[in-house]
Structures are given as C-alpha cells and as structure tokens.
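What follows is the residue order along each chain.
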Amino acid sequence: MMLDLFDAQQAPIQLADGAYYLKGFARPIANTLCTLLQAQLAEQPPQKMITPMGYMSVLTSSLGHVGWVSSRSGYGYVGCNPANQQAWPAIPKPLLHLASRAAQTVGYKGFVPDCCLVNVYNVGSKMGLHQDKDERDFSQPVVSISLGIPAIFLMGGTQRNDKTTKVNLAHGDVVVFGGTSRLFFHGVQTVKQANHPLLGQQRINLTFRKAM
C-alpha cells in the first residue's frame, strides 16, 4: 500500500497502531538542524558499519550519552566511538526538544532520548527491514526525523514478510512509533537521485531512542 501524503495537512497521520507520520513537523527548523549536524559530524564523522550480514550501505554516527554500533558479532550501545575511543557528542538541545515534542504530539509524554543515531544516505543507499530491539525499555518510542533528499519509508508488522506501508518522506518530515508498533519491522527503499540545497545528494535520518 502506498500513502500519497504530500498534500496531507500537518495533523498526525496514523500508519499503524502506535505509529504516526508528522508531515513537515521539523521543517521550520530543519535548515538549522542541518547546520548543527555538520558541526557535530565533523567531530565524529559517519562511518560504514559492518554487521553479521555484511557492510551497511548507509554511513553511521551517533550523538548522546551512548551510541549505536555494529560488528560481525552483533549490535549494541556503547559510551564512546570504538573507532577513536572518543565520547559521542551531546545531543544539541534543539534536537532534544524537537524529538520530545514530536513524541508528545502523538501521545508519548515524557520522552527524553539518550541516543540519536545519525544515518547518512547517499544516492543508492538503503536500509533493509529490521527491528529496533537493542534498547532496554520498549515502552519508550522511537522518533525519526528526515533531512535532505527524499526517501520512501517502509512500515511493516511483527514479521519481516508482513505487508508494508510506504510513506514518501521529505525534508523536515517526522515518524514516531511506539506502543504496539514499537517492534514492527521498518526500513528505507533505495534512495534515488535528487539534490538538496544544503545537503546536496544526501539524506540524513536522525532516530532518537531511550537506549539505557
């Protein structure tokens, strides 16, 4: 199923039980976020992570008290970047406020993330269907903010082969999922050629989690 949401109003649109699409929610400050991120990523550049299934096509970094990393043996959260043993940069306050406000808008009150996973998609990058299940408390939602060129987000179900809903995500769009959908499979289709005035031929996805 494809949802044509580009003409939708900014009221939250439910994708599944507990999952919502907030069109343009971050757009008023999206360009400011791009500037903040460029400074943070200069401190901890995104890197190509390897997983038990091979290398990811996206580049990854983290902000916060802990960061998400992967290796051939699995995935998890650590307090410093294993590539250089440096602590992850703090999540800038505007990002923390935005993530908490997005969660509250769809009913998840008191969300205070301790990790922001930064995935950088170049043209041709994608994210296979997966579950976010390395966190300790699944009662906390995941907040996802899209910046840069567009991409198609896939929201599935409890099984990898469940039917997916496809959502066109543009610069400043937000997806929040928790509750029943917290462990639903989700992913991103291969990013197509496009250009953004600030980020060029890149998409940056920020996912905020309460990891510890």
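Check the entry above for the structure.
Here the structure is a predicted model, which means the values were calculated and not measured.

1. Comments concerning helix α2 (residues 93–105)
Helical geometry: 3.6 residues make up each α-helical turn, so side chains three or four residues apart lie on a common side.
Alright, step 1. An ideal rise of 1.5 Å per residue puts 18 Å on 13 residues; α2 measures up with 18 Å between its terminal C-alpha atoms.
Alright, step 2. Every buried residue of α2 is listed here: L95, L98, A99, A102 and A103. Looking straight down α2, one finds that the buried residues subtend no more than 130° of arc, so they occupy a single side. Among the exposed residues of α2, those oriented more than 90 degrees off its buried face are K93, H97 and Q104.
Alright, step 3. Buried-residue contacts for α2 involve β3 (19–22), α1 (27–43), β5 (54–64), β12 (142–148), β15 (174–177) and β17 (202–209).
Alright, step 4. Phi for G107, located one or two positions after α2, is positive at around 105°.

2. With respect to the environment of N168
Alright, step 1. In this structure, N168 sits in strand β14 (residues 165–169).
Alright, step 2. Residues N168 and A42, spaced 126 residues apart in sequence, show a C-alpha to C-alpha distance of 29 Å.

3. Some points on the pattern of salt bridges
Alright, step 1. In this structure the tally under the stated criterion is five salt bridges.
Alright, step 2. Residue R27 pairs with D173 through a salt bridge whose shortest N-O separation is 3.5 Å. Taken together, the residues R27 in helix α1 and D173 in the loop between β14 and β15 connect sequence positions 146 residues apart.
Alright, step 3. Judged by relative accessible area, which is 38%, R27 ranks as partly exposed.
Alright, step 4. Linked through salt bridges whose partners overlap, the residues forming this network are D132, E135, R182 and R209.

4. Here's the deal with the sheet that holds β17
Alright, step 1. A sheet is described by the order of its strands in space; here eight strands give the open sequence β2-β3-β15-β12-β17-β10-β5-β4, paired in antiparallel fashion. The sheet terminates laterally at β2 (13–16) and β4 (47–51), the two strands that pair on one side only. Pairs of neighbouring strands in the sheet enclose a mean axial angle of 30°, with direction left out of account.
Alright, step 2. Examined bridge by bridge, β5 and strand β10 (residues 115–122) share six bridges and lie antiparallel to one another. Paired with T60 across the two strands is N119, which belongs to β10.
Alright, step 3. The sheet strands contacting α2 are β3, β5, β12, β15 and β17, and the helix crosses β12 at an angle near 120°.

Parameters at a glance
Residues numbered from 1 in each chain as written. Predicted model: local features only at pLDDT ≥ 70, side-chain atom pairs only at ≥ 80, totals over all residues. Heavy atoms only, no water. Helix = DSSP H or I, 4+ residues; strand = E, 2+ residues; numbered from the N terminus. Expected span 1.5 Å × (residues − 1). Buried < 20%, exposed > 50% of the residue type's maximum accessible area, 1.4 Å probe, protein only. Arc of directions from axis to C-beta. Contact = heavy atoms within 4.5 Å. Salt bridge = Lys/Arg side-chain N within 4 Å of Asp/Glu carboxyl O. Pairing = 2+ DSSP bridges. Axes fitted to C-alpha atoms, helices over the stretch in contact; angles between N-to-C directions.

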